[in-house]
Amino acid sequence: YISYSGIFNLRDNAKLINNEKVGNSRSYVLDSTICKRFGGAGVLITNGTFNMYGGEISGCASNSTNLDTDTDSDDYMVSTLGGAICNYQSNFNMYGGLIAANESYYGGALMNYGISNIYSGTLSHNSSSHAGGTIYQYPSTLCSLTVGDSELEEGIYNVTFDSNTSSSYAGAIYASYRGTIEVIGGVKFVNNVSSSTGGAIRTNNYINIEGDNMKKI
């Protein structure tokens, strides 16, 4: 749990694995709907910075079958936003490593309600039971998601989304209205699947995609 302008750096050979958030065991409470739904079984960021230089976050889960009706004993909605990482008004930067086999209702790997930059690394076999098998961006003008590196040469792929799934929308990335999303090069989407729309990406808002070294398989 990162707060009060704290900084957490995850490096090679470090692992956060098989963590689960159940019963809405919140480590941060605010009187707002989104806070009552916080996930982040691996890492929860509120007013801080998480830099992932390497290592692994895998097997983490924050799950619910019904976002609107499931509650804990305090009548708070259970944790459904972000299986591995929940970024709330904070910064998440991924420079390398592996985020794999995490699951949640929204955003199997990451729920972004802040600024997130995925420069390098692999995100694979993450799943959501509703939207954003890998990444779910919350509908807010405070949100910004950048994926890739515009300086890479053609044929070089630093970011890979591989075999991520969603039971409804967007196997890899779901971005609702508001906020910004940019995919700027060196990104490969492989075998991502949704049961409805957006095998790789679904957005209800503007998306900027640029760069020649992009691949979807």
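Anything mentioned here points back to the structure above.
This text gives an overview of the structure that appears in the document. Bear in mind that the values here come from a model prediction, so they are computed numbers and not experimental data. (Residues numbered from 1 in each chain as written. Predicted model: local features only at pLDDT ≥ 70, side-chain atom pairs only at ≥ 80, totals over all residues. Heavy atoms only, no water.)

**Thoughts on the overall build of the protein chain**
Move 1: Helix and strand counts for the protein chain stand at zero helices and 24 strands.
Move 2: A burial count over the protein chain gives 53% of its 217 residues as buried.
Move 3: Within the protein chain, contacts between residues at least 6 apart in sequence are counted, and of these 81% link residues at least 24 apart.
Move 4: Summed over all atoms, the accessible surface of the protein chain reaches about 9,200 Å², with 43% contributed by carbon and sulfur. (Helix = DSSP H or I, 4+ residues; strand = E, 2+ residues; numbered from the N terminus. Buried < 20%, exposed > 50% of the residue type's maximum accessible area, 1.4 Å probe, protein only. Contact = heavy atoms within 4.5 Å. Areas by Shrake-Rupley, 256 points an atom, 1.4 Å probe, with all protein chains shown as cover.)

**Quick notes on the side chain of Asn-87**
Move 1: Its place among the elements puts Asn-87 in strand S8 (residues 85-94).
Move 2: For Asn-87, the side chain forms a polar contact with the side chain of Asn-112, separated by 3.0 Å.
Move 3: Setting aside anything within four residues of it in sequence, one finds Asn-87 in contact with Ile-45, Phe-92, Leu-110, Met-111, Asn-112, Tyr-113, Gly-114, Ile-115 and Ser-116. (Polar contact = N/O pair within 3.5 Å; in protein donor to acceptor, adjacent residues only side chain to side chain.)

**Re the sheet that holds strand S3 (residues 20-21)**
Move 1: Ordered in space as S3-S7-S10-S13-S17-S21, the six strands form an open sheet in which the pairing is parallel. Looking at which strands have only one partner, the edges of the open sheet turn out to be S3 and strand S21 (193-194).
Move 2: For strand S13 (residues 127-131) and strand S17 (residues 165-166), the ladder comprises two bridges, and the chain directions are parallel. Within the sheet, the bridge partner assigned to Ser-127 lies in S17 and is Thr-165. (Pairing = 2+ DSSP bridges.)

**Quick notes on the packing of aromatic side chains**
Move 1: In total, this model carries 13 aromatic pairs according to the counting rule given.
Move 2: Relative to Tyr-95, the ring of Tyr-53 lies with its centre 4.9 Å away and its plane at 10 degrees, an arrangement referred to as stacked. Residue Tyr-53 is located in the loop between strand S5 (48-52) and strand S6 (56-58), and its partner Tyr-95 is located in the loop between S8 and strand S9 (98-100); the two are separated by 42 residues in the primary sequence.
Move 3: A relative accessible area of 34% places Tyr-53 in the partly exposed class.
Move 4: Classification of Tyr-95 by relative accessible area gives partly exposed; the value is 36%.
Move 5: With centroids separated by 5.4 Å and ring planes inclined at 20 degrees, the aromatic side chains of Tyr-95 and Tyr-119 adopt a geometry described as stacked. Here the residue Tyr-95 occupies a position in the loop between S8 and S9, and Tyr-119 occupies one in the loop between strand S11 (110-118) and strand S12 (121-124), the gap between them amounting to 24 residues.
Move 6: Judged by its relative accessible area of 29%, Tyr-119 is partly exposed.
Move 7: Members of the aromatic cluster, joined through ring pairs, are Phe-38, Tyr-88, Tyr-105, Tyr-106, Tyr-113, Tyr-136, Tyr-138, Tyr-169 and Tyr-174.
Move 8: In this structure, Arg-202 packs its charged tip against the face of Tyr-169, placed 4.4 Å from the ring centre. (Phe/Tyr/Trp six-rings, centres within 6.5 Å; stacked < 30°, edge-to-face > 60°. Lys NZ or Arg CZ within 6 Å of the ring centre and 35° of its normal.)

**Here we look at the environment of Gly-155**
Move 1: With respect to the helices, strands and loops of the structure, Gly-155 is situated in the loop between strand S15 (144-147) and strand S16 (159-162).
Move 2: Separated by 32 residues in the primary sequence, Gly-155 and Val-187 have C-alpha atoms spaced 9.9 Å apart.

**A look at the pairing of S8**
Move 1: Taking burial as the measure, the 10 residues of S8 include eight buried ones, the bulk of the element.
Move 2: Judged from the four bridges that link them, strand S4 (residues 43-46) and S8 form a sheet pairing that is parallel. Note on S8: the bridge partner recorded for Leu-44 is Cys-86.
Move 3: In this structure, S5 lies alongside S8, joined through four bridges in parallel fashion. Note on S8: the bridge partner recorded for Thr-49 is Asn-91.

**Looking at unusual backbone geometry**
A negative phi holds for most residues other than glycine; trans holds for most peptide bonds.
Move 1: In the Ramachandran plot, Ala-101 falls in the positive-phi region, its phi being about 55 degrees despite a non-glycine side chain.
Move 2: Along the chain, Ala-101 falls in the loop between S9 and strand S10 (103-106).
Move 3: Owing to a relative accessible area of 42%, Ala-101 belongs among the partly exposed residues under this scheme.
Move 4: One non-glycine residue, Asn-191, lies in positive phi territory at about 55 degrees.

**Some points on the nonpolar core**
Move 1: One finds Phe-50, Ile-85, Phe-92, Ile-99, Ile-118, Phe-161 and Ile-173 to be the most contacted residues of the largest nonpolar core, which totals 31 residues.
Move 2: For this core, the element with the most residues is S8, which contributes three residues.
Move 3: Apart from the residues lying within four places of it in its own chain, the contact partners of Ile-85 are Gly-40, Val-43, Ile-45, Phe-50, Ile-57, Phe-92, Ile-99, Ala-109, Leu-110 and Met-111.
Move 4: Core analysis: the second largest hydrophobic core is formed by 15 residues, Phe-38, Tyr-105, Tyr-136 and Ala-170 among them. (Core = buried A, V, L, I, M, F, W, Y, C linked by side-chain atoms within 4.5 Å.)

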